[in-house]
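# Examining the three-dimensional arrangement
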Amino acid sequence: MDGMTSRDISAEIDGASGYLTIDLAALARNYARLAGDVAPAGAAAVVKADAYGLGADRVAPRLYAEGCRHFFVAQFVEALRLRPLLAGDARIFVLNGLLPGNESACARHGIVPVINSLEQWRRWADAAKAAGRILPAVLQFDTGMSRLGVPPEEREALAALVKAEAGIAVLFVMSHLASADDTESAQNASQLAEMQAVAAAFPQFDLCFANSGGIFLGQPYHGVLARPGIALYGGAPVSGRANPMEPVVSLDVAVVQTRTVQAGARVGYSGTHVVTGETRLATIAVGYADGLPRSLSGRGAVYCDGIRLPIVGRVSMDSITIDISALPQGRLTLGSRVELLGPNQTLEDVARDAGTISYEILIGLGNRYQRIYR
Ligand SMILES: *Cc1c(COP(=O)(O)O)cnc(C)c1O
């Protein structure tokens, strides 16, 4: 077992009742496709939240092998975990910036903070002084999302600080799009105009702008480095359009019991579903503890042989009951598997039924599945 991560080990444990397959070759093809779309600009990879739940320890090295050298995480702790898994020429960026006290560790581990405020700039400059060497940084600007980054009214003050500071090497400036998945949104052009104002205030630096959706808004949004996340993992980068990305994840779950019930039978917690005629049911071993939101109660479905099997009653913590009356008798028995994600049901389908977005479904996929990396 030497050199194996906990996830490798868990993939070897028999006894799981759900099987999450992560197709690393499809991930690599998605990266190559996006990199081709933005060339001659570069393509980074956003691997925050454990690579959107898929395992940063497997995803990031695979993308490195595909030529990726820029990796974005959200939190410093994620950068610390990722650092030993990637070669020294891989840059790791912390989108949320640094909390006070993390500066010297950040410098020591060669991690690049995204500087979101004047205070963070000053602290990083102090860290450079303390380290006695020039430290790298990225500057983030708020261009209309009001979430992270230096606000417009502080741009000039930051420009003055940057000019006076020899201890920090700014690698590029960045901003984030709020509505890039909606090609019709007027917010895209307005953020692009703000980004051009940032570029005018910092003409010496390159720009980093597009997320997955931004890549599909076209070349003006690309800058020198795009930052796709969801599209790498097979999620649709643009809503309301055919998804150009290859699926990366599939999920199959075991049946743990079947039964036939008669009209009037109640199904699940609070008896919300009442059967109207003789009905065949199966209980499958997946619940909200495994990332299938409770909002799928009475709404979503799973598939077997391409046939839709609706979820009936409430989603429990560890199980879901489905109506299997549409299948031939005996098709599903103890231990049979049904499809939750796969050829018949995409991430977007599940997200729509759950009233959420593909990101939240992906990230929620739990740790009780056997994870199979292909
Ligand atoms: C999460 C994130 C991304 C990636 O967004 P996707 O829509 O998943 O491509 C890029 N940039 C920033 C700042 C982010 O927070």
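Residues numbered from 1 in each chain as written. Predicted model: local features only at pLDDT ≥ 70, side-chain atom pairs only at ≥ 80, totals over all residues. Heavy atoms only, no water.

## What about the packing of aromatic side chains?
Threshold: Only rings of Phe, Tyr and Trp enter the pairing, Trp through its six-membered ring, and a pair is recorded when the two centres are within 6.5 Å. The plane angle decides the type: under 30 degrees is stacked, over 60 is edge-to-face, the rest tilted. Secondary structure follows DSSP: runs of H or I at least 4 residues long count as helices, runs of E at least 2 residues long count as strands, and numbering of each begins at the N terminus. With a 1.4 Å probe rolled over the protein chains alone, any residue whose accessible area is under 20% of its type maximum counts as buried; one over 50% counts as exposed, and the rest are partly exposed.
Under the criterion given, the structure shown has seven aromatic pairs. Measuring from centroid to centroid gives 6.0 Å for Tyr-52 and Tyr-359, while their planes differ by 35°, and the two rings are tilted. Here Tyr-52 is found in helix H3 (residues 48–52), whereas its partner Tyr-359 is found in helix H12 (residues 358–364), with 307 residues between them in sequence. For Tyr-52, a relative accessible area of 5% puts it in the buried group. Ring geometry for Phe-202 against Phe-205: centres 6.3 Å apart, planes inclined by 20°, an arrangement best described as stacked.

## Quick look at the pattern of salt bridges
The test is simple: By convention in these notes, a salt bridge is any Lys or Arg side-chain nitrogen within 4 Å of a carboxyl oxygen on Asp or Glu.
All told, the structure shown has twelve salt bridges when counted by the stated rule. Across the pair Arg-33 and Asp-37 runs a salt bridge whose closest N-O atoms are separated by 3.0 Å. Of this pair, Arg-33 and Asp-37 both sit in helix H2 (residues 24–38), four residues apart, which is roughly one turn of that helix. What makes Arg-33 partly exposed here is its relative accessible area of 34%. The salt bridge partner of Arg-155 is Glu-194, with a shortest N-O separation of 2.6 Å. Pair noted here: Arg-155 is in helix H8 (residues 155–164) and Glu-194 is in helix H9 (residues 186–201), with a separation of 39 residues, a long-range link.

## Quick notes on the environment of Tyr-303
Where we set the bar: Residue contacts are counted whenever heavy atoms from the two residues lie within 4.5 Å of one another.
Assignment of secondary structure puts Tyr-303 in strand S15 (residues 301–304). Look at Tyr-303 and you get buried, because its relative accessible area is 15%. Once residues within four sequence positions are removed from consideration, Tyr-303 is found in contact with Arg-308, Leu-309, Val-338, Glu-339, Asn-344 and Gln-345.

## Section: the site of the ligand
Note the following rule: For this description, a residue counts as near a given molecule or strand if any of its non-hydrogen atoms is within 4 Å of it. Counting of polar contacts relies on pairs of N or O atoms within 3.5 Å, with two restrictions inside protein: one atom must be capable of donating a hydrogen and the other of accepting it, and residues adjacent in sequence are counted only when both atoms are side-chain atoms. Here the open area of atoms and residues is found with the Shrake-Rupley method and a 1.4 Å probe, where only the protein chains shown may cover a residue. Each cavity reported here is a set of points on a 1 Å grid over the protein atoms alone in which a 1.4 Å probe fits but cannot get out, each pocket an open set with protein on both sides within 12 Å along at least five of seven lines, and each lining residue one with an atom within 4 Å of a point. The way we define it, a molecule is inside a pocket or cavity when more than half of its atoms are within 2 Å of that pocket's grid points.
Looking at the ligand, there are 14 residues lining it, with Lys-48, Tyr-52, Ser-212, Ile-230 and Tyr-359 nearest. Take Ser-212: an N or O atom from its side chain is 2.5 Å from an oxygen atom of the ligand. Between a nitrogen atom of the ligand and a side-chain N or O atom of Arg-227, the distance comes to 2.9 Å. Starting from 390 Å² of accessible surface for the ligand in isolation, the protein chains cover 94%. Because more than half of its atoms lie within 2 Å of the grid, the ligand is assigned to the largest pocket.

Read these as layout, nothing more, since geometry by itself doesn't imply function.
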